[in-house]
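Take a look at the letters that make up each chain.
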Amino acid sequence: MVAVVAMARNRVIGDGSGLLWHLPADLKRVRALTMGCPLIMGRRTWDSIGRALPGRASIVMTRDGGWTGEGALRAATMDEALALARDWIDRTEGARPEIILFGGGEIYAAGLALTNRIELTIVEIDPDGGPAAAYFPALDPAIWDRQVLETVPADSAVPAHRYERLTRKTPVLV
Ligand SMILES: NC(=O)c1ccc[n+]([C@@H]2O[C@H](COP(=O)([O-])OP(=O)(O)OC[C@H]3O[C@@H](n4cnc5c(N)ncnc54)[C@H](OP(=O)(O)O)[C@@H]3O)[C@@H](O)[C@H]2O)c1
């Protein structure tokens, strides 16, 4: 599984209902990283996006057995989400065999132990995420190899940010 995330320096990833920055280039990067893949996301992240993302499966984790979302697949547990993801890859022409851990905070925390790679955008700000702030879990450098891919300076429209790839030193099988 591959986690795709943008987080601030203070690990904040959102305020519970949306993002706290607008990085158009990062959204394009996320699209490229995830196209053709099943996405595992929490119900609040689904709500914040508001629709199924084209060319990908939207697997939404919720404890509400009656929940439905147009174009979404509901999963009650991470095991069920993984089974739906594998099944979607098997039956979808052109699918890529990568399962994306798509957030938010609760779902990153639930799935990180099953993740072998993290495509990380670090935004050089320290926002106050408010009472419902969501965070990306702290990463143990003993477990992850870190590679800085690109550093982007601030300009008038976007804060400085950088792209990093973290790879688990001892891969886990899912
Ligand atoms: N910066 C980024 O890269 C990024 C990426 C994604 C999201 N975000 C942000 O993150 C925030 C949302 O994160 P969040 O932590 O508040 O919510 P979340 O992880 O998106 O969703 C939480 C919901 O998922 C369901 N859930 C959680 N654990 C579960 C489990 N073990 N089994 C079954 N269902 C489970 C529950 O849904 P029910 O309440 O329906 O039971 C829970 O309320 C938003 O601000 C969003 O914009 C940022």
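Computed from a predicted structure; not experimentally measured. (Residues numbered from 1 in each chain as written. Predicted model: local features only at pLDDT ≥ 70, side-chain atom pairs only at ≥ 80, totals over all residues. Heavy atoms only, no water.)

Draft legend 1. Quick peek at the overall build of the chain. Tallying secondary structure elements over the chain gives four helices and ten strands in all. Listed by position from the N terminus, the elements making up the chain come as β-β-α-β-α-β-β-α-β-α-β-β-β-β. Since a compact globule built from 174 residues should have a radius of gyration of about 16 Å, the 16 Å found for the chain is in line with a globular shape. Judged by the C-alpha coordinates and their principal axes, the chain covers about 40 × 35 × 30 Å. Intrachain contacts of the chain at a sequence separation of at least 6 include 65% that bridge at least 24 residues. Here the chain displays about 9000 Å² of accessible surface, and carbon together with sulfur accounts for 53% of that area. Charge-centre separation for the chain: the mean point of 20 positive side chains lies 2 Å from the mean point of 21 negative side chains. (Helix = DSSP H or I, 4+ residues; strand = E, 2+ residues; numbered from the N terminus. Rg over C-alpha atoms; globule rule 2.2 N^0.38 Å. Contact = heavy atoms within 4.5 Å. Areas by Shrake-Rupley, 256 points an atom, 1.4 Å probe, with all protein chains shown as cover. Lys, Arg positive; Asp, Glu negative; His and termini not counted. Charge placed at Lys NZ, Arg CZ, Asp CG, Glu CD.)

Draft legend 2. Region of the structure containing the site of the ligand. The local shell around the ligand holds 28 residues, among which Ala-6, Arg-43, Thr-45, Thr-62 and Arg-63 are the closest. One nitrogen or oxygen atom from the side chain of Thr-62 is found 2.6 Å from an oxygen atom belonging to the ligand. Ala-76 is positioned such that a nitrogen or oxygen atom in its backbone is 3.2 Å from a nitrogen atom of the ligand. When contributions to the shell around the ligand are tallied by element, the ones reaching two or more residues are strand E1 (2–8), strand E2 (12–14), helix H2 (43–49), strand E6 (100–103) and helix H4 (105–111). (Near = heavy atom within 4 Å. Polar contact = N/O pair within 3.5 Å; in protein donor to acceptor, adjacent residues only side chain to side chain.)

Draft legend 3. Examining the sheet that holds E6 more closely. Across the sheet, eight strands lie side by side as E5-E4-E3-E6-E1-E7-E10-E9; this open sheet has mixed pairing. What marks the edges here is a single partner per strand, and that holds for strand E5 (72–75) and strand E9 (144–152). Neighbour-to-neighbour, the strand axes of this sheet turn through a mean angle of 25°, independent of strand direction. Pairing geometry for E9 and strand E10 (residues 161–168), over eight bridges, is antiparallel. Each bridged residue has a counterpart across the sheet, and for Gln-147 the counterpart in E10 is Arg-165. Relative to strand E7 (residues 117–123), helix H1 (residues 24–34) is tilted by about 175°, and along the sheet it contacts E1, strand E3 (38–42), E6, E7, E9 and E10. Sitting on the sheet, helix H3 (residues 78–91) is in contact with E3, strand E4 (57–61), E5 and E6, with an inclination near 145° to E5. (Pairing = 2+ DSSP bridges. Axes fitted to C-alpha atoms, helices over the stretch in contact; angles between N-to-C directions.)

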